[in-house]
Amino acid sequence: MLRLLPRGRAFTALVIALVLGAVGTVVILRDGRPSTGHGVYGGVIGDLRGLVGENSLFIRPGLSSDGQPSLAASGYALPALAAATGEPTAVDDVAALSSVVAFQSKTDPLWARWSAAMIKESAQVALPRDLFTGILDVPAPTGPAAVRVAGVAAVVDIAAAADISLDKKKRSQLADVLRGALGESLGAFSKCRAAQAADGLGLDGSPWSDGSSAGITLPSTRSPESLMDVYGALCVAERAKVRLDDDVKRSVRDWLEPLLAMPAAGNELESYYLVRSWLAAGLPRDSLQPLAAQISNRRDDRTGLVRDHIVRLGTLENTYYVAVLANKAAAFGDIVPAATLDAVRALIPQMKAKSSLTDMLMAAVILRYGGRADVSLEREAENASVAWLSKGLGRQNVVQGDRVISLMRELGMEVPPVRGTAFPVAGAEDRYLAWTMLGISNFLQNRGEVEASFPSLPSLVEPALRKPDGLLVKEVASAMQVPGNGVKADALPDSLSTWSRSIRGCPGYESLYRPVQQETRCSLEATVQIINLGLASLPG
């Protein structure tokens, strides 16, 4: 008989109508397409592919969708893998797994042990029995009927997997909880769980799975809840010894088949019910192999557990830098999906409500590069920019001012004269801010006054660029914009070329750039700045 697994606290959320994310959320991964066809930008374009997050905006390079080994995710994923392949899931480091179980059981005494019990069965691994004995002290479950049923069934599952005998008092306590739920409304999923728990307690399970409840009704929509109910209906039908005819099997297959394309990452519960439903309907196991491969690829080498899924959400800023790079390479349509432009447009009301000036300008640039220019947004952003700049720039806002002016120029807007306020230069950060102020001196209505306040700053540029190790890319970018810095754009110091090569590449992204030598991760902003400075070696 197939075992139906509850989701613990996550399942509690389901049964009290806190709906989980929709099945089928897609994380776009690196597709491995060749990076040819974009000339010298080929390598960069190849590295940008696969950086679309789950909100259709672009993420930073190197943001993985896999986190730390997860006991909760593994409680579903490993049994799903075992069922899909028909083979036990090997767990080599039992000590490491036991340590994880012991630690998490302190804060989650029921569901941490339940996950461990399911892993123990699917992996056929001999976890120490004393990891599970605390289940005898867990209070009887409370809450809605479906939650109480799930809690009782979890205790029974754990006891069976760990070969723990429930004493008479505990059995009676659990039986009372189960009988109390009988008079309340239960879906097919909960009926199946209740019947399985009754079997484990030596009770009559038929009240929950008699023939009158064995019909297979397929929901009109696919969701975690509806998938669980499909499985519950198949389970109840099996218990009632109702034979599924070919038409029913075909209907179940047609309902489940679209879910086979669902990514396993983040959908471990759904993956489990999908696998078990597929097999319960007598459908071919071979069709489950792609899903099994997804799960296998996410396993942690040390513990054997599946790594948790991190929702990769992109940002407007990263999307802007990708749009700039894609536009430079004349590859916007190849790199930036239409869904990204839709996501940017969807953020506009929020930007306006929050008066997010730079966000409005970045969104306008992205949409213009994507061939979907929003004239109304551009006009509103221009008016807001002029009003903001009229208040003047100083130490606290010069970086944002430089950004606003740059974005306005990118959109072909006229930048108004701005008043700048000088400030003392006491360290590297002040030097960077002063260089930034001088870099926009052409737009300062009091340019002479500001330049006179920073008389030695231009002369510091050339010595700094001859020894750039340790400088941030943004510092080099600001220094290069300082008028009278003594550095010729067509005769840059050799040290800059050496430095730029030293910050090129990071794991998985060999053509992008890091913001400083000590950093291990690449930055889209740094990549744009390096290319704009003419310091990039762009392989084809």
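Residues numbered from 1 in each chain as written. Predicted model: local features only at pLDDT ≥ 70, side-chain atom pairs only at ≥ 80, totals over all residues. Heavy atoms only, no water.

Chemist: What is the right way to look at the overall build of the protein chain in this model?
Modeler: Of the regular secondary structure elements, the protein chain holds 24 helices and four strands. On C-alpha atoms alone, the protein chain measures out to a radius of gyration of 30 Å, which is more than a quarter above the 24 Å that the 2.2 N^0.38 rule sets for 540 residues. Projected onto its principal axes, the C-alpha positions of the protein chain cover 90 × 50 × 45 Å. Here the protein chain holds 540 residues, and the buried ones make up 52% of them. (Helix = DSSP H or I, 4+ residues; strand = E, 2+ residues; numbered from the N terminus. Rg over C-alpha atoms; globule rule 2.2 N^0.38 Å. Buried < 20%, exposed > 50% of the residue type's maximum accessible area, 1.4 Å probe, protein only.)

Chemist: When you look at helix H3 (residues 71-85) in this model, what are you seeing that I'm missing?
Modeler: One turn of an α-helix holds 3.6 residues; hence residues three or four places apart share an orientation. Along its 15 residues, H3 runs 21 Å from first to last C-alpha, staying within 8% of the 21 Å computed at 1.5 Å per residue. For H3, a buried count of 13 out of 15 residues is recorded, marking the element as mostly surrounded by other parts of the structure. For H3, the N-terminal cap is Ser70; the gap from its side-chain oxygen to the backbone nitrogen of Ala72 is 3.5 Å. At the exit of H3 stands Gly86, carrying a positive phi of roughly 75 degrees. (Expected span 1.5 Å × (residues − 1). Polar contact = N/O pair within 3.5 Å; in protein donor to acceptor, adjacent residues only side chain to side chain.)

Chemist: Whenever I open this one, the side chain of Asn446 confuses me. Can you help?
Modeler: Relative to the assigned elements, Asn446 resides in the loop between helix H19 (428-439) and helix H20 (447-453). Judged by its relative accessible area of 8%, Asn446 falls in the buried class. Contacts of Asn446, omitting those with residues within four sequence positions, involve Val418, Arg419 and Gly420. (Contact = heavy atoms within 4.5 Å.)

Chemist: Can you walk me through helix H23 (residues 494-502) in this structure?
Modeler: Considered for burial, the residues of H23 that qualify are Ser495, Leu496, Trp499 and Ser500. Buried positions in H23, seen along its axis, are confined to an arc of 135 degrees and lie on one side of it. Away from the buried face of H23 by more than 90 degrees, exposed residues Asp494 and Arg501 are located. (Arc of directions from axis to C-beta.)

Chemist: Where do I start with the pairing of strand E4 (residues 509-513) in this structure?
Modeler: It is a general feature of regular strands that their side chains alternate between the two faces of the sheet. Burial analysis of E4 places four of its five residues in the buried class, which makes it a mostly covered element. Sheet topology note: the strand E3 (residues 504-506)/E4 ladder contains two bridges and is antiparallel. Residue pairing for E4: Cys506 is matched across the bridge by Tyr509. The hairpin turn running from E3 into E4, its antiparallel successor, is two residues long, and Gly508 in that turn takes a positive phi close to 90 degrees. (Pairing = 2+ DSSP bridges.)

Chemist: For this particular structure, what's the right way to read the nonpolar core?
Modeler: Within soluble globular proteins, side chains that are nonpolar generally end up buried alongside one another. In this structure, Leu48, Ile335, Leu361, Leu465 and Val476 are the most contacted members of the largest nonpolar core, which totals 88 residues. In this structure, Ile335 is in contact with Ile45, Leu48, Arg49, Phe58, Val322 and Ala326, ignoring residues within four places of it in sequence. Core analysis: the second largest hydrophobic core is formed by 81 residues, Ile135, Val152, Trp255 and Leu288 among them. (Core = buried A, V, L, I, M, F, W, Y, C linked by side-chain atoms within 4.5 Å.)

Chemist: How should I be thinking about the packing of aromatic side chains in this particular structure?
Modeler: Given two aromatic rings, one states the distance between the centres and the angle between the planes to describe the pair. With the rule as written, the count across this model stands at nine aromatic pairs. With 5.3 Å between their ring centres and 50 degrees between their planes, Tyr76 and Trp114 make a pair best called tilted. Here Tyr76, found in helix H3, pairs with Trp114, found in helix H5 (residues 111-123); they are 38 residues apart in sequence, far enough to count as distant. The buried category is assigned to Tyr76, whose relative accessible area is 4%. (Phe/Tyr/Trp six-rings, centres within 6.5 Å; stacked < 30°, edge-to-face > 60°.)

Chemist: Just to check I follow, could you spell out unusual backbone geometry for this structure?
Modeler: The bulk of non-glycine residues show a negative phi, and the bulk of peptide bonds are trans. Look at Lys241: it is not a glycine, yet its phi comes out positive at around 60 degrees. With respect to the element layout, Lys241 can be found in the loop between helix H9 (224-239) and helix H10 (246-256). Classification of Lys241 by relative accessible area gives exposed; the value is 73%. At Ala330, a residue that is not glycine, the phi angle is positive and equals roughly 55 degrees. Looking at where Ala330 falls in the secondary structure, it is placed in the loop between helix H13 (316-328) and helix H14 (332-335).

Chemist: I tried to follow the state of the cysteines on my own but got confused; where do I start?
Modeler: When the sulfur atoms of two cysteines share a covalent bond, that bond is a disulfide. Enumeration according to the criterion identifies two disulfides in this entry. Each sulfur in the disulfide pair Cys192 and Cys235 lies 1.8 Å from the other. With the S-S dihedral at roughly 70 degrees, the linkage between Cys192 and Cys235 falls on the right-handed side. Taken together, the positions of Cys192 in helix H8 (residues 188-201) and Cys235 in helix H9 put the pair 43 residues apart, joining distant regions of the chain. The burial state of Cys192 is the same as that of Cys235; both residues are buried. Residue Cys506 pairs covalently with Cys522 via a disulfide, S to S 2.1 Å. Torsion about the S-S bond of the Cys506 and Cys522 cystine: about -130 degrees, corresponding to left-handed handedness. Of this pair, Cys506 sits in strand E3 while Cys522 sits in the loop between E4 and helix H24 (524-532), and the two are 16 residues apart along the sequence. On the accessibility criterion, Cys506 (12% relative accessible area) is buried. In this structure Cys522 comes out as buried when scored by relative accessible area, which is 5%. In the protein chain, the bonded cysteines, taken in the order they occur along the sequence, pair up as 1-2, 3-4. (Disulfide = S-S within 2.5 Å.)

Chemist: What should I look at first to understand the confidence of the model for the protein chain in this one?
Modeler: As a general rule, the predicted coordinates of low-pLDDT regions are not to be interpreted in detail. The predicted model of the protein chain has a mean per-residue pLDDT of 86, with 90% of residues at 70 or higher. For the protein chain, the element scoring lowest by mean pLDDT is helix H1 (residues 9-15), at 36; helix H18 (residues 398-410) scores highest, at 97. Contacts for the low-pLDDT stretch residues 1-36, under 50 throughout, to residues beyond four places or in other chains number 104 contacts. (pLDDT = per-residue confidence, 0-100.)

Chemist: Mind showing me how you'd approach the environment of Pro258 here?
Modeler: With respect to the helices, strands and loops of the structure, Pro258 is situated in the loop between H10 and helix H11 (268-280). Looking at Pro258, the relative accessible area reads 46%, which means it is partly exposed. Separated by 36 residues in the primary sequence, Pro258 and Arg222 have C-alpha atoms spaced 9.5 Å apart.

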